[in-house]
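Given next are the chains, with one letter for each unit.
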Amino acid sequence: MYGLDHRPDDAFWYDCVHPNSGAKTEVKSTSVRIGEKYPAHGRFRLRHDQTRSLLTADARGVAWYAFVLYDFDKGEIRIRRAKLSTVSKWVREGGGWNGAGHEVFEEQRKLDAGTRVSHS
């Protein structure tokens, strides 16, 4: 994917690194439809602490989110890469960060895969 090296053990805030530029990419994935509970669309869970770290690393414009959307019914995998400025805009438009309800991290934003990410 985008010529990246998978490095999940390097840090908590990114999954992949471009071998030449050092660009960091955090990968988020979901399915188009998640069981009967969420029949419309899956959601990507963005963590505020990961996004803050990506923004810090993005001084040269080299940090990304990659959104992977699985459609098991169609047998498709769609991938969309987005700059931090775009993702930050989506978070603001969605009402900002909110409590995650998890002890591991403090704030999150869930993005509906059908309204933001599935469109190229």
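Placed above this text is the structure.
Residues numbered from 1 in each chain as written. Predicted model: local features only at pLDDT ≥ 70, side-chain atom pairs only at ≥ 80, totals over all residues. Heavy atoms only, no water.

**Q** Just to check I follow, could you spell out the overall build of the protein chain for this structure?
**A** Within the protein chain one finds three helices and eight strands. When the elements of the protein chain are put in sequence order from the N terminus, they spell out β-β-β-β-α-β-β-α-β-β-α. Counting the 120 residues in the protein chain, one finds 41% classified as buried. By sequence separation, contacts in the protein chain at least 24 residues apart represent 49% of the contacts at least 6 residues apart. Of the roughly 7,000 Å² that the protein chain leaves accessible, carbon and sulfur atoms contribute 48%. (Helix = DSSP H or I, 4+ residues; strand = E, 2+ residues; numbered from the N terminus. Buried < 20%, exposed > 50% of the residue type's maximum accessible area, 1.4 Å probe, protein only. Contact = heavy atoms within 4.5 Å. Areas by Shrake-Rupley, 256 points an atom, 1.4 Å probe, with all protein chains shown as cover.)

**Q** Just checking my understanding: could you explain the pattern of salt bridges for this structure?
**A** As a working rule, side chains carrying opposite charge can pair if their charged atoms are close by. Per the counting criterion, the structure on display carries eight salt bridges. A salt bridge links arginine 47 to aspartate 49, with the nearest nitrogen and oxygen atoms 2.7 Å apart. Note on aspartate 49: relative accessible area 12%, which makes it buried. Via salt bridges that share partners, Asp5, Arg7 and Asp10 belong to a single interconnected network. (Salt bridge = Lys/Arg side-chain N within 4 Å of Asp/Glu carboxyl O.)

**Q** How do you make sense of the sheet that holds strand 7 (residues 98-99) when you look at a structure like this?
**A** In a beta sheet, neighbouring strands are held together by backbone hydrogen bonds and run either parallel or antiparallel to one another. Taken in spatial order, the three strands make up an open sheet running 4-8-7, and their pairing is antiparallel. The open sheet has two free edges, formed respectively by strand 4 (43-47) and strand 7, since each of these has just one partner strand. Relative to strand 8 (residues 107-112), strand 7 runs antiparallel, the two sharing two bridges. In the sheet register, glycine 99 faces strand 8, and the bridge partner there is glutamate 107. Strands in contact with helix 1 (residues 48-57) are strand 4 and strand 8; relative to strand 4, the strand with the most contacts, it is inclined by about 65°. (Pairing = 2+ DSSP bridges. Axes fitted to C-alpha atoms, helices over the stretch in contact; angles between N-to-C directions.)

**Q** I would appreciate a short explanation of the packing of aromatic side chains in the present structure.
**A** For any two aromatic rings, the description comes down to two numbers: the centre-to-centre distance and the angle of the planes. Taken as a whole, this structure holds five aromatic pairs when the rule is applied. A ring pair is formed by phenylalanine 44 and phenylalanine 67, whose centres lie 5.0 Å apart and whose planes are at 70°; its orientation type is edge-to-face. Of this pair, phenylalanine 44 sits in strand 4 while phenylalanine 67 is found in strand 5 (residues 63-71), placing the two residues 23 residues apart along the sequence. Overall, the relative accessible area of 1% leaves phenylalanine 44 in the buried class. Measuring from ring centre to ring centre gives 5.9 Å for tyrosine 70 and phenylalanine 72, while their planes differ by 15°; the resulting arrangement is stacked. (Phe/Tyr/Trp six-rings, centres within 6.5 Å; stacked < 30°, edge-to-face > 60°.)

**Q** In this structure, what is going on with the nonpolar core? I would like to understand it.
**A** When a protein is soluble and globular, its nonpolar side chains tend to lie buried together. Counting 18 residues, the largest nonpolar core has Leu46, Leu54, Tyr65, Phe67 and Val87 as its most contacted members. At the level of elements, strand 4, strand 5 and helix 2 (84-93) are the ones that each hand at least two residues to this core. When sequence neighbours within four positions are dropped, the list of residues in contact with leucine 46 reads Lys28, Tyr65, Phe67, Val87, Val91, Trp97, Glu107, Gln108, Arg109 and Leu111. (Core = buried A, V, L, I, M, F, W, Y, C linked by side-chain atoms within 4.5 Å.)

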